[in-house]
Amino acid sequence: MTEEKFEQLLLSVQKPGRYSGGEPGSIMKDKSKVDVRFAFCFPDIYEIGMSHLGMKILYSQFNARDDIWCERVFAPWTDFETVMRENNIPLFALESRDPLSAFDIIGFTMQYEMSYTNVLNMLDLAGIPLHSRDRKEMAPLVVAGGPCVCNPEPIADFVDIFFLGEGEEVDLELIDLYKKYKNGGNKQEFLREAARIEGVYVPSLYEVSYNDDGTVQSVTPKGDAPKTVKKRIIKDLDKTFYPKNFVTPYIEIVHDRAVEEIFRGCIRGCRFCQAGYIYRPVREKSVDTISEQAHTLCNTTGYDELSLASLSTSDYREIEPLLNKLLDWTERERVSLSLPSLRIDNFSEELLEKVSSVRKSGLTFAAEAGTQRLRDVINKNITEEEILGTCKTAFEGGYTAVKLYFMLGLPTETDEDLKGITGLAQKIVDEYYHLENRPKGKAVSVTAGVSSFVPKPFTPFQFEPQITAEEICRKQQFLKENITTKKLRLSFHDSATSFLEGVFARGDRRICRVIERAFKNGCRLDGWTECFLPEVWLDAFREEGLDPAFYANRKREYTEVMPWDHLDYGVTKEFLIRENKLAHKAKTTPNCRQKCAGCGANCYGEGVCFEKR
Amino acid sequence: MRSVRIFFQKNDRMKYISHLDMNRFMSRALRLSGIPIWYTEGFNPHPYLTFLLPLSLGFESDYEMMDIRVLDDNFGNENVRAALQPVLPEYIKIFKVAEAQQKPGKIAYSSYRIDFKDLSDELYQKLGDFLKQEEILTQKVGKKGKVKELNLAEKITDCKLTKNGESATLYLTLPAGGADNVNPTLLLKAFGELPFYRIRRTAVLDAEKNLFE
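Cut-offs and rules
- Residues numbered from 1 in each chain as written.
- Chains lettered and ligands numbered in written order.
- Predicted model: local features only at pLDDT ≥ 70, side-chain atom pairs only at ≥ 80, totals over all residues.
- Heavy atoms only, no water.
- Domains from an automatic or database assignment.
- Contact = heavy atoms within 4.5 Å.
- Buried area = accessible area lost by both parts, 1.4 Å probe.
- Salt bridge = Lys/Arg side-chain N within 4 Å of Asp/Glu carboxyl O.
- Polar contact = N/O pair within 3.5 Å; in protein donor to acceptor, adjacent residues only side chain to side chain.
- Helix = DSSP H or I, 4+ residues; strand = E, 2+ residues; numbered from the N terminus.
- Phe/Tyr/Trp six-rings, centres within 6.5 Å; stacked < 30°, edge-to-face > 60°.
- Buried < 20%, exposed > 50% of the residue type's maximum accessible area, 1.4 Å probe, protein only.
- Lys NZ or Arg CZ within 6 Å of the ring centre and 35° of its normal.

J.: Quick one: what's the story with the domain arrangement of chain B, residue by residue and with numbers?
T.: Residue and element names in this part refer to chain B. Domain parsing of chain B yields domain 1 (2–100) and domain 2 (107–206). Just the C-alpha atoms count here: the centres of domain 1 and domain 2 sit 28 Å apart. Listed per partner, the contact involves 17 residues of domain 1 and 16 residues of domain 2. A combined buried area of about 1,200 Å² lies between domain 1 and domain 2, and 52% of that area is made up of carbon and sulfur atoms. In terms of surface lost to domain 2, no three residues of domain 1 exceed Leu53, Phe59 and Glu60, which account for 50% of the buried area on that side. Taken together, the links from domain 1 to domain 2 amount to 3 salt bridges. One salt bridge in this structure joins Glu60 and Arg200, with 3.7 Å as the shortest N-O distance. Where domain 1 meets domain 2, there are 9 residue pairs in polar contact (both at pLDDT 80 or more). For the side of domain 1 that touches domain 2, the secondary structure elements donating two or more residues are strand E1 (2–10) and strand E3 (60–70). If you tally residues by element for the side of domain 1 that touches domain 2, the top one is E3, at 6 residues.

J.: Describe the packing of aromatic side chains, with residues and values.
T.: For any two aromatic rings, the description comes down to two numbers: the centre-to-centre distance and the angle of the planes. Inspection of the entire model under this criterion finds 30 aromatic pairs over all chains. Centroid distance Tyr432(A) to Tyr433(A): 5.1 Å. Interplanar angle 90°. Geometry classified as edge-to-face. Overall, Tyr432(A) belongs to the buried group, its relative accessible area being 0%. Between Phe7(B) and Phe95(B), the aromatic rings sit 6.1 Å apart at their centres with planes inclined by 50°, giving tilted as the arrangement. Of this pair, Phe7(B) sits in strand E1 while Phe95(B) sits in strand E4 (residues 92–99), and the two are 88 residues apart along the sequence. Classification of Phe7(B) as buried rests on a relative accessible area of 1%. Positioned above the aromatic ring of Tyr242(A) is the side chain of Lys285(A), whose terminal nitrogen or guanidinium carbon lies 3.7 Å from the ring centre. If you follow Lys96(B) out to its NZ or CZ, it ends over the ring of Phe7(B), 4.5 Å from the centre.

Laid out in structure tokens, this is it:
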């Protein structure tokens, strides 16, 4: 392919900046002078992948080493995929424009179940065999990490190695081992040795057998592979690598700003939330580290917006000192500070003032359920009083738009709980109009995003049946009919997408066949409504003789062997069962800082489990 | 406070970056440069900058202009250049920093160079004949979606087609700016199928066809 031809093709598609590379901060190296070429693949389009913090961290960290060159690869949008296939352009990395097949290691980050077909499509676009068993050589080695790989079984046939937990240490250990085997090493031997690294899961070293009823009977390690694989965590966030620079994109991406991570994990234990369990235990960065790293980032990238990243910003213990320290320089340097993931209950007036002194963005609250009973079931420990109180504070502070997040289809949910959603929105609207000092001449607007609950592994709800797509649609309709105010706007998630997400989340190894077939029948970019082909998916299940309802809508007994039971994320199954029972009694569990719930994550010897109280 | 016009080239990979994206990117570069620039006032203050004549996606250029306002009168044009160039990618080359001489409304024409890497003798002949016609009718879709009939032959000035071995180059000047703007791709599309070419803006001119400054 000549440069001219490539240019011409790029100019024939939408947003060529997705594929042109050369952004400030991107790293070029001499490929003859590195030992390992790592293709960091994000299985979605550029705008999504470039917004992802994990990729920025690992990209910088790998490239900080002279012997590694890490480059970025994204899934092409459909228009460019067509162009690539018609012109035999293999999928390439943005930095060198070399095809994926020229790399030693191809690493995918799995953030979302609906990106599974994109992994296959990206391998296929590069002419790389999809199945790990068909890749006999050391290169390219296909690895994957990210939250979805806590149940990696639905893509286990395609990936050589999974990284469980946080990647900063284990990835480099694996790369070092790879270097030893790179020249003429035996891949099988390499995989067996890799499996001894903590946090490395080699699926091909495990045999899965099934019961007559289709449930998993056992997962048996071959040879000396460990019986359970334990996830890795970074113990000290002050000492671990953090990028001093980001690749700053030319084209507009979803989150185009400096991002500073302030802690990992979450103390809350909301029972539906996978992130709240798989990232345990909570570990914080210090105020000084955060301020210094964030300042460096703003200075090197030129960003005028800084976002603090964590699962629940206001749970940072020293949030006020932190904000004071940050505002010290952000105000002077005209950097606006945004604090996503604020919780309702500890959202103080002072905090609000600090945020709004810089830039006024919308207020977002995750109420999750419409009644107190159901919020107790899911352990979302906030009360209606707190929600209304915070809204009042916000309205008095000049806010007029409130965004609420809810879920439908939660365990034990009744129509009464759904009425609570529209009811709560009405109360918020009333609160606004009862306020004497409300912003003059402005109307209030309440937006409620109602997603559909999907039971996830390593949560207390991993045993629960997901409601059917039909039931999701009925509940959505019910909600629409119950709207009592024109100030409320409801938005929903697509029911078929939620259903499939549910299948993948708790799927076993047999789902690999379905994913491969659906991909071959044209499925890709399934997270994009305009590309999603639910009928093709259902056909793929039929053709492979598997029932998706078995995975999504079936209740699991506590004694059932889960496809991920041989993976250890710190939280014990006993704890999850205990929590599941409490949920059914609508009994809440205090957060990690109030009282240890004995989840098991203290096995890491770090973090909130050992904080002085 | 003084108004400063920065003249630069847009080369190579930057051609894939749209006008809107240039804005965002340049705003970051200006912050990085440390130039004491004026920020817009209002809800979300941001560095004031304006590109004088948006360049189409896919074009390179020898003559791009951007206006900024420098707060410190002692911060000279050379300082601006010295501060900004190092934080720009290699594909953007500043060639002049000066006080704005003319208002953006005075822009009247743009000159282009269109390079064909491989143009057959037959096509060369055909293209030459095509450009010599008195009438080159085409349709242009206006801002409101209205389709307008247009005679491109009236719009083209300073047209020259040269051939050098396999390659050929077309030079031409077309109306540009707020009042009348004709994109050279309109002309090339009116001709029909052509092999690969690159378009480069070579100059921006005023009504008297003097270099716009």
